[in-house]
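A look at the structure
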Amino acid sequence: MANTHVLLNSGLRMPIFGLGTFKLAGAMKIYDVIDAALKLGYRSIDTAQVYKNEEDIGKALKELMPKYKLERKDVFITSKLSPKNQGKGSAYESCVQSIAQLQLDYLDLFLIHWPGKQKLKPEDEQNRHFRMESWLDLEKLVKDGLVKNIGVSNYYVRHLDDMMTYATIPPAVLQVEYHPHLVQTDLFEWCQRQNVHLQAYRSIGIDELQTDPTLLQIAKTHSKTASQVLLKWAVQQGIGVIPKSSSHEHLEENFNIWNFTLSEEEIKSLSQLHKGVHYCWDPVKVA
């Protein structure tokens, strides 16, 4: 069996494979997806304040965890700070609110979702001040026992280097867009040097990536789908993934990546598809 968990720099373990919930909405749909995911063996759920689904996820978990005989420690829950809540006090209080909406006593991981603050222009130098205040609030959340691990999302190396000048608790996780069309080597290497776990979103990319002949040939070789190969490409490099789906079939397909291994040459050939293309948001202009 492949290594299904990573050891974070906090000393705690995190599943390398999780369920993404971006754009997952509606109490019944959320219940259905989480029910199917827990049944399949998913043990990590990723949400965010801006997804506006924390409350429905909390209700679903409260009902479904007993169904699968799961205790709180068995499921790793992540949420993220909304850009509008950046800053001293508001970052702390909004996390407390997220915990309440999720009907939890603590979060396993809380991330700063974006290096900028809502309503500020990206180039505004105040962004740095607000994210510094937010990070110090996150550290207080850890010290108060409300959050087990803290980290950031969508940071560039310069944002990370700057953060290390004021952080007294290092980030446990960096979550960014990462796939063969966007191989952010500088961030991957930074995480390796700093013992920070790199977690990818949008791992499956878009149709242009899914239909790449190199990818399709590798998928054919292993009798796997393109999505399964893309997820394996990340996981085999120690990069976490959080694919989202509301389809039971795709939830199962995505999770079924533990029974094959890519060769070093296959991983390299996929990495060479790099185009430097962001299919989601690019924080390059954020001061």
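Please refer to the structure placed before this passage.
Residues numbered from 1 in each chain as written. Predicted model: local features only at pLDDT ≥ 70, side-chain atom pairs only at ≥ 80, totals over all residues. Heavy atoms only, no water.

Some words on the overall build of the protein
To keep things clear, this is the line we draw: Note on conventions: DSSP H or I runs of at least 4 residues are helices, E runs of at least 2 residues are strands, and numbering of each starts at the N terminus. We compute the radius of gyration over the C-alpha atoms and compare it with the globule rule, which gives 2.2 Å times the number of residues raised to the power 0.38. A 1.4 Å probe rolled over the protein chains alone gives each residue an accessible area, and that area as a share of the maximum for its type sets the label: buried under 20%, exposed over 50%, partly exposed in between. By definition in these notes, contact holds between two residues if any of their heavy atoms fall within 4.5 Å. Methods summary: accessible areas were calculated by the Shrake-Rupley approach with a probe of 1.4 Å, and residue burial reflects only the protein chains presented. Here the positive residues are Lys and Arg and the negative ones are Asp and Glu; neither His nor the chain ends is included. By convention, the charge on Lys lies at NZ, on Arg at CZ, on Asp at CG and on Glu at CD.
Secondary structure assignment for the protein yields 11 helices and 10 strands. Its C-alpha atoms give the protein a radius of gyration of 18 Å, within 12% of the compact-globule value 19 Å for 287 residues. Each of the three principal axes of the protein carries a C-alpha extent, and together these read 55 × 45 × 35 Å. With 287 residues in all, the protein has 56% of them scored as buried. Across the protein, the fraction of contacts at a sequence separation of at least 24, relative to all contacts at a separation of at least 6, is 76%. Taken as a whole, the protein presents about 13,000 Å² of accessible surface, with 52% of it coming from carbon and sulfur. Separation of charge centres in the protein, based on 33 positive and 34 negative side chains, amounts to 3 Å.

Focus: the packing of aromatic side chains
What counts here: Any two rings among Phe, Tyr and Trp, with Trp reduced to its six-membered ring, count as a pair given centres within 6.5 Å; such a pair is stacked if its planes are under 30 degrees apart, edge-to-face if over 60, and tilted if neither.
On inspection of all chains with the given rule, the structure shows eight aromatic pairs. When the centroid spacing of 5.2 Å and the interplanar angle of 85° are considered together, the rings of Phe 17 and Phe 255 count as edge-to-face. Of this pair, Phe 17 sits in the loop between strand E2 (13-15) and strand E3 (19-20) while Phe 255 sits in helix H10 (residues 248-255), and the two are 238 residues apart along the sequence. Neither Phe 17 nor Phe 255 differs from the other in exposure class; each is buried.

Here's the deal with the side chain of Glu 266
Looking at where Glu 266 falls in the secondary structure, it is placed in helix H11 (residues 264-271). Ignoring anything within four residues of it in the chain, the contact list for Glu 266 reads Ile 218, Thr 221, His 222 and Thr 261.

Some thoughts on the nonpolar core
As a reminder, the rule being used: Only buried residues count toward a nonpolar core. Its members are Ala, Val, Leu, Ile, Met, Phe, Trp, Tyr and Cys residues joined through side-chain atoms within 4.5 Å.
Ranked by size, the top nonpolar core spans 83 residues in total, and within it Phe 17, Ile 34, Leu 107, Trp 135, Leu 174 and Tyr 178 carry the most contacts. Considering every element that reaches this core, the biggest residue donor is helix H9 (residues 226-235), with seven residues. Excluding residues within four positions of it along the chain, Trp 135 makes contact with Ile 112, Ile 150, Gly 151, Val 152, Met 163, Tyr 166, Ala 167, Ile 169, Pro 170 and Pro 171.

Some details on the pattern of salt bridges
Here is the rule: Any carboxyl oxygen of Asp or Glu that lies within 4 Å of a side-chain nitrogen of Lys or Arg is treated as forming a salt bridge with it.
Scanning all chains against the criterion turns up eight salt bridges. Across the salt bridge formed by Arg 128 and Asp 162, the nearest N and O atoms sit 2.7 Å from each other. Residue Arg 128 is located in helix H4 (residues 126-143), and its partner Asp 162 is located in helix H5 (residues 157-163); the two are separated by 34 residues in the primary sequence. Across the pair Lys 275 and Glu 208 runs a salt bridge whose closest N-O atoms are separated by 2.5 Å. Pair noted here: Lys 275 is in the segment after H11 and Glu 208 is in helix H7 (residues 207-210), with a separation of 67 residues, a long-range link. Look at Lys 275 and you get partly exposed, because its relative accessible area is 45%. For Glu 208, a relative accessible area of 41% corresponds to the partly exposed category.

Thoughts on the packing of helix H1 (residues 27-40) against helix H2 (residues 54-67)
Packed helices, taken two at a time, are described by their axes: the angle between them and the distance between them. To keep things clear, this is the line we draw: Think of each axis as a best-fit line through the C-alpha atoms, taken over the contacting stretch in the case of a helix, with angles from 0 to 180 degrees between the N-to-C directions. In these notes the angle categories are as follows: under 35 degrees is roughly parallel, over 145 is roughly antiparallel, 65 to 115 is roughly perpendicular, and the rest is oblique. By the definition used in this description, the sense in which the near helix is turned from the far one sets the handedness, with an anticlockwise turn below a right angle giving left-handed and a clockwise turn giving right-handed. Polar here means any residue other than Ala, Val, Leu, Ile, Met, Phe, Trp, Tyr, Cys and Pro, which are nonpolar, and Asp, Glu, Lys and Arg, which are charged; Gly is therefore polar.
The interhelical angle for the contact between H1 and H2, taken along N-to-C directions, is 40°, at an axis separation of 9 Å. Classified by the angle their axes make, H1 and H2 are oblique. By crossing handedness, the relation of H1 to H2 is classed as right-handed. Here Ala 27, Ile 30, Tyr 31, Ile 34, Asp 35 and Leu 38 of H1 lie close against H2, whose contacting residues are Asp 56, Ile 57, Ala 60, Leu 61, Glu 63, Leu 64 and Lys 67. For the contact of H1 with H2, the per-class residue count stands at nine nonpolar, no polar and four charged.

Topic: the environment of Lys 39
Inspection of the secondary structure puts Lys 39 in helix H1. Classification of Lys 39 as exposed rests on a relative accessible area of 66%. Put simply, Lys 39 and Glu 252 are 213 residues apart on the chain and 9.8 Å apart in space, counted from C-alpha to C-alpha.

Examining the packing of helix H3 (residues 90-101) against H4
Close contact between H3 and H4 brings their axes to 8 Å; oriented N to C, the two are set at 45°. On the basis of the axis angle, H3 is oblique to H4. As H3 packs across H4, the resulting crossing turns out to be right-handed. Contacts between H3 and H4 involve Ser 90, Ala 91, Tyr 92, Cys 95 and Val 96 from the first element and Ser 134, Asp 137, Lys 140 and Leu 141 from the second.

Re the side chain of Gln 228
Put simply, the rule reads: Polar contacts here mean pairs of N or O atoms no more than 3.5 Å apart (in protein, one a potential hydrogen donor and the other a potential acceptor; neighbouring residues in sequence count only if both atoms are side-chain atoms).
Tracing the sequence through the fold places Gln 228 in helix H9. In terms of polar contacts, Gln 228 uses its side chain to reach the backbone carbonyl oxygen of Glu 253, at 2.9 Å. In this structure, Gln 228 is in contact with Glu 253, Asn 256, Ile 257 and Phe 260, ignoring residues within four places of it in sequence.

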